[in-house]
Amino acid sequence: MVAACAATASAACARTAGSKTPKQIVRSFLENVRSGRNPDAAALYFAPFVRAHQVQSEDEQTLIRTPADYAAHVREFLTTFGTFSFSIENLLAEKNLVHVRWRQVGRHIGSLNGEKPTGAKLVELTSTVYRVEEGKIVEYWLQTDRKGMEIQIAHATAAGPCSGTE
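About the cut-offs
- Residues numbered from 1 in each chain as written.
- Predicted model: local features only at pLDDT ≥ 70, side-chain atom pairs only at ≥ 80, totals over all residues.
- Heavy atoms only, no water.
- Helix = DSSP H or I, 4+ residues; strand = E, 2+ residues; numbered from the N terminus.
- Buried < 20%, exposed > 50% of the residue type's maximum accessible area, 1.4 Å probe, protein only.
- Contact = heavy atoms within 4.5 Å.
- Areas by Shrake-Rupley, 256 points an atom, 1.4 Å probe, with all protein chains shown as cover.
- pLDDT = per-residue confidence, 0-100.
- Pairing = 2+ DSSP bridges.
- Salt bridge = Lys/Arg side-chain N within 4 Å of Asp/Glu carboxyl O.
- Polar contact = N/O pair within 3.5 Å; in protein donor to acceptor, adjacent residues only side chain to side chain.

**Here we look at the overall build of the chain**
Moving on, step 1. A count of helical and extended segments in the chain gives six helices and six strands.
Moving on, step 2. Along the chain direction, N to C, the helices and strands of the chain fall in the order α-α-α-α-β-β-α-β-β-β-β-α.
Moving on, step 3. Per-residue burial over the chain gives 38% buried out of 166 residues.
Moving on, step 4. Long-range contacts, defined here as pairs at least 24 residues apart, represent 54% of the contacts in the chain between residues at least 6 apart.
Moving on, step 5. Per element, the accessible surface of the chain, about 9400 Å² overall, is 55% carbon and sulfur.

**Details of the confidence of the model for the chain**
Moving on, step 1. Chain-level pLDDT for the chain is 86 on average; 85% of the residues reach the 70-or-more range.
Moving on, step 2. Every residue in residues 1-17 is under pLDDT 50, and counting partners more than four places away or in other chains gives eleven contacts.

**Quick word on helix α3 (residues 22-34)**
Moving on, step 1. Taken together, the buried positions of α3 are Ile25, Val26, Ser28, Phe29, Leu30, Val33 and Arg34.
Moving on, step 2. Just past α3, the residue Gly36 takes up positive phi, approximately 90°.

**Remarks on the pairing of strand β3 (residues 85-94)**
Moving on, step 1. Across nine bridges, the pairing between β3 and strand β4 (residues 97-107) is antiparallel. Along β4, the bridge assignment pairs Asn90 with Arg101.
Moving on, step 2. Hairpin connection of β3 to β4: two residues between the antiparallel strands, including Lys95 at a positive phi of 55°.

**Let's talk about the pairing of strand β5 (residues 121-133)**
Moving on, step 1. Here β5 shows one buried face, formed by Leu122, Glu124, Thr126, Thr128, Tyr130 and Val132, and one open face, formed by Lys121, Val123, Leu125, Ser127, Val129, Arg131 and Glu133.
Moving on, step 2. Sheet analysis places β5 next to strand β6 (residues 136-144), joined by eight bridges and oriented antiparallel. Within the sheet, the bridge partner assigned to Val129 lies in β6 and is Trp141.

**Topic: the pattern of salt bridges**
Moving on, step 1. According to the stated counting rule, one finds ten salt bridges in the structure shown.
Moving on, step 2. Between Arg75 and Asp40 there is a salt bridge, and its shortest N-O distance comes to 2.8 Å. Highlighted residues: Arg75 in helix α5 (residues 67-81) and Asp40 in the loop between α3 and α4 (42-45), separated in sequence by 35 residues.
Moving on, step 3. Residue Arg75 is classed as partly exposed on the basis of its relative accessible area of 36%.
Moving on, step 4. Overlapping salt bridges, with partners in common, bring together Arg51, Arg131, Glu133 and Glu139 in one network.

**Some words on the side chain of Thr126**
Moving on, step 1. One can find Thr126 in strand β5.
Moving on, step 2. Residue Thr126 is classed as buried on the basis of its relative accessible area of 1%.
Moving on, step 3. Only 3.1 Å separates the side chain of Thr126 from the side chain of Thr144, close enough to count as a polar contact.
Moving on, step 4. Contact partners of Thr126, with chain neighbours within four places excluded, come to Val100, Arg101, Trp102, Leu142, Gln143 and Thr144.

Structure below.
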């Protein structure tokens, strides 16, 4: 089978031999790690050092993330949002680039940007493009609806302590 794959170099044959497509790798990463289910599995999907472009109109940044650092990042979400729901709304791939749009829904139970927790339901919408090389995520560009989050928190703060009981 390996010789046949080498001879044909077809994507279908490569998948049969056990490798996954970039789209499959990113989907599995999102469902297992970013979802909060198993943050410590980040090393299965991440290269040792990943360039993370945080695309924010007011302050674009590029961070270097390690699998351990990313796992800690997801645990921060669990502290801030509690056990949240996570759904992939769109997943498109072309060659080694995978675009994802997801929705995360949780409760504001931990401080976010210095705001006191309100207990209110918070919805985070994010779009990310991942670049996969040799079966690992090596780079990504992430854009989150930060203004939408600010509006939700402001509304919950104005509504008072009962705002978390929808």
